[in-house]
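The lines below spell out each chain.
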Amino acid sequence: MKPIQAGDHAEIIEGALGTKGPNVGKQVRVVILRGEHSEHGRIWKVEGEGLISEYGAVGTTVDCAQSWLRKIEPPKPTSDISTEKEVDAPLTHS
């Protein structure tokens, strides 16, 4: 498997507090490489819902060490097939 890169989807598996961090288990999209950290290595900016920063702020982006991320398949687009069929069906008049 290729290493994490911008555009990938990932699950946060660890954080600054180890496996008990508030973001563990959240799914995110990797945005951009922020740089190298002397202890943690590559640091990526990621985006997702309800992410909690190291300062306790809730937002949509945080920085994560590459080792804290596990690459996952992107979520599949959700669509209601029955709704699509109804929309595509010709209109009939009684």
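Residues numbered from 1 in each chain as written. Predicted model: local features only at pLDDT ≥ 70, side-chain atom pairs only at ≥ 80, totals over all residues. Heavy atoms only, no water.

(A) Highlighting the overall build of the chain. Each helix and strand in the chain was counted, giving one helix and five strands. Tracing the chain from N to C terminus, the helices and strands come up as β-β-β-β-β-α. Taking all 94 residues of the chain together, the buried fraction comes to 23%. Looking at the chain alone, contacts between residues at least 24 apart form 40% of all its contacts between residues at least 6 apart. (Helix = DSSP H or I, 4+ residues; strand = E, 2+ residues; numbered from the N terminus. Buried < 20%, exposed > 50% of the residue type's maximum accessible area, 1.4 Å probe, protein only. Contact = heavy atoms within 4.5 Å.)

(B) Quick peek at the sheet that holds strand β1 (residues 9-12). Sheet architecture is open: five strands sit in the order β4-β3-β2-β1-β5, paired in antiparallel fashion. A strand with exactly one partner marks an edge of an open sheet, and here the two such strands are β4 (58-65) and β5 (69-72). When the angles between neighbouring strand axes are averaged without regard to direction, this sheet yields 45°. Here β1 pairs with strand β2 (residues 27-37) via three bridges, running antiparallel. (Pairing = 2+ DSSP bridges. Axes fitted to C-alpha atoms, helices over the stretch in contact; angles between N-to-C directions.)

(C) Inspection of the nonpolar core at higher detail. Residues Val28, Val30, Val46, Cys64 and Leu69 are the most contacted members of the largest nonpolar core, which totals 14 residues. Elements supplying a minimum of two residues to this core: β1, β2, β3 (41-52) and β4. Sort the elements by how many residues they give to this core and β3 lands first, with four residues. Apart from residues no more than four positions distant in its own chain, Val28 is found in contact with Asp8, His9, Ala10, Ile12, Val46, Glu47, Gly48, Leu51 and Leu69. (Core = buried A, V, L, I, M, F, W, Y, C linked by side-chain atoms within 4.5 Å.)

The values reported here are purely geometric and, on their own, carry no functional implication.
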